[in-house]
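Coordinate inspection notes
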Amino acid sequence: GQSRIGVTGLAVMGANLARNIARRGVPVAVHNRTSARTKEFMEEYGDEGAFTAAENLADFVAALERPRRIIVMVKAGAPVDGVIEELSPLLDAGDIIIDAGNSHFADTKRRTEECAERGLRFMGIGVSGGEEGALLGPSIMPGGDPAAYAEVEEILTSIAAVVDGTPCCTQVGPDGAGHYVKMVHNGIEYADIQLIAEAYDLLRSVAGLDVPAIAKIFEEWNSGDLESFLIEITAKVLAKTDEKTGEPLVDVIVDQAEQKGTGTWTAIDALQLGVPLTGITEAVFARGLSALRDERKAASTTLAGPTPGGGADETDLVDDIRQALYASKVVAYAQGFAQMRAASAANGWDLDLGAMATIWRGGCIIRAQFLNRIRDAYAEHPDLDNLLMVPYFTEAVANAQDAWRRVVVKATEQGVAIPAFSSSLSYYDGYRRERGPANLIQGLRDFFGAHTYRRTDTEGAFHTRWAQDGAEVRTDA
Ligand code: NBP
């Protein structure tokens, strides 16, 4: 075989990845289950590079140099297992199957083991940046055996986005680590988007601004601490006028958010790890609430509450909202990184969190200036428990907190839902409390379930005989 790498699955992501690779001068074999799609691909893009089109998997495999490197870019879930089943008998020991879709990390772990039993090497790589990223330079999060990564490193780093001369691609860790990090990336994206939506709602409903004015505000915000791809495109979406009605496009878009599930996966894993991941989880819940459109319609005329607004343009409020957005964003990232740290420990992945911030600076949806700060934080403190504890972020939130509190108070008084803003503030206030109210929780648990408690002044587990003589007994001695 002559092709250095193959791509099977030529829907938008696979096609663009294959084109990206071929444009670097690498010969690529291409295949798709439905061969009409392969034919279309060749007709449209065949002259962009050295492609070998294969109608079936046997021809596809035969077109590849060894060890074979095969990128699988099909729909996540059962299709990936199906493709592995079909490919396996055609491959030789040491060949590498690379799942570049949005697979769940537990599936990647399982597939890694199943492939190893067949003598095959499996990699799960996260690819972010959507269609455009796949074609022009995505952020790539490869997981798997380092020796397998070494065989594809040159190709992957050459197609990735580049920031300050550094490719947005680095070996993340073994088995499911790459897909895990991609999952948390998507979770953070949910939180970022929710925070932006809440800021927009506040600017509109509480500050009383119109959509074009809000578009301008986001454009301004994009030149400060908040500078990021998502803030940039928020300004563009808000500035768009609907051709049919002449109204802002956002005013004719139905207010129900859809989702593909990676935010939910992130939240579920946080719950299982016991990591307080309020920002991302509230963002998932907010999409769920948005979906209840008919119920909301009925509730809007039934349930009591204040009507927001009344205020004319309030300049101070606009800047308060900016600061609240920034502080909440810091919390959401601190939580996401704390989750990756916990997952790394639980799975033995040894994740380099600074490197994750580094490869998210370009190519992906959450790309932002801000990630340089996170990279710097881990460069100085590799074992950092929480990003809020490094001076840069400690000060950023300290400076923003008065504004943040004013925004949460105002929104609450006026009846505007801000689940991500307010839960982030509650997390912040809970995290900085030396002594919280969980002592009472333990007392209650001991009362109704004899679950025991620990004392502040003595080692050991204790139980109070609430229903008997009220005396305390030590239960672990
Ligand atoms: P889709 O997720 O829409 O999948 C379509 C592809 O899967 C087609 O090539 C289809 O072949 C193939 N396929 C299916 Br469906 N079932 C198959 C089976 N049983 N055996 C073999 N092939 C099968 O494509 P996509 O939007 O390009 O996304 C690909 C992956 O990348 C997904 O995991 C996605 O979550 C991830 N991703 C997408 C984006 C994005 O912006 N779209 C971004 C980042 C990651 P056919 O032509 O024969 O039906």
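All figures in this text were calculated on a predicted structure; none of them were measured in a lab. (Residues numbered from 1 in each chain as written. Predicted model: local features only at pLDDT ≥ 70, side-chain atom pairs only at ≥ 80, totals over all residues.)

Attention shifts here to the site of the ligand. Taken together, 22 residues lie around the ligand, and A11, M13, R33, T34 and G101 are the ones closest in. Looking at the shell around the ligand, the elements that each hand over two or more residues are helix 1 (12-23), helix 4 (78-87) and helix 6 (130-136). For the shell around the ligand, the per-class residue count stands at 10 nonpolar, 8 polar and 4 charged. (Near = placed C-beta within 6 Å. Helix = DSSP H or I, 4+ residues; strand = E, 2+ residues; numbered from the N terminus. Nonpolar A, V, L, I, M, F, W, Y, C, P; charged D, E, K, R; others polar.)

This part is about the sheet that holds strand 12 (residues 472-474). Ordered in space as 10-11-12, the 3 strands form an open sheet in which the pairing is antiparallel. Where the open sheet ends on each side, the last strands, each with one partner, are strand 10 (453-454) and strand 12. (Pairing = 2+ DSSP bridges.)

With that settled, consider the domain arrangement of the protein. As a measure of interface size, the accessible area lost when the parts come together is often cited. Split by domain assignment, the protein resolves into domain 1 (5-175), domain 2 (182-431) and domain 3 (438-474). Relative to domain 3, the C-alpha centre of domain 2 lies at a distance of 40 Å. (Domains from an automatic or database assignment.)

Attention now moves to the pairing of strand 5 (residues 96-99). Side chains I96 and I98 of strand 5 all project onto a buried face; the interleaved residues I97 and D99 project onto the opposite face, where all are buried too. Where strand 4 (residues 69-72) and strand 5 come together, 4 bridges link them in parallel fashion. Paired with I71 across the bridge in strand 5 is I98. Note on the crossover from strand 4 through helix 4 to strand 5: the handedness is right-handed. (Buried ≥ 20, exposed ≤ 12 C-beta atoms within 10 Å, placed from the backbone. Right-handed = clockwise from strand over helix to strand, strands pointing away.)

Before going further, it helps to examine the sheet that holds strand 7 (residues 139-144). Within the open sheet, the 7 strands sit side by side as 3-2-1-4-5-6-7. Their pairing is mixed. The strands lining the two open edges of the sheet, one partner per strand, are strand 3 (51-53) and strand 7. Strand-to-strand twist across the sheet, computed as the mean angle between neighbouring axes with direction ignored, equals 25°. Sheet topology note: the strand 5/strand 6 (residues 121-128) ladder contains 4 bridges and is parallel. Within strand 6, the residue paired with I98 across the bridge is M123. Strands in contact with helix 8 (residues 177-206) are strand 6 and strand 7; relative to strand 6, the strand with the most contacts, it is inclined by about 15°. (Axes fitted to C-alpha atoms, helices over the stretch in contact; angles between N-to-C directions. Contact = placed C-beta atoms within 7 Å.)

Let's shift gears to the packing of helix 11 (residues 262-273) against helix 12 (residues 278-291). Helix 12 packs onto helix 11 with a crossing angle of 135° between their chain directions and a minimal axis gap of 9 Å. Taken together, the axes of helix 11 and helix 12 lie oblique to each other. Once helix 11 is placed against helix 12, the crossing between them reads as left-handed. Taken together, the residues of helix 12 that come into contact with helix 11 (itself represented by G263, T264, T266, A267 and A270) are I280, T281, A283 and V284. Class assignment for the residues of the contact of helix 11 with helix 12 results in 5 nonpolar, 4 polar and no charged. (Parallel < 35°, antiparallel > 145°, perpendicular 65-115°, else oblique. Left-handed = near helix turned anticlockwise from the far one by under 90°.)

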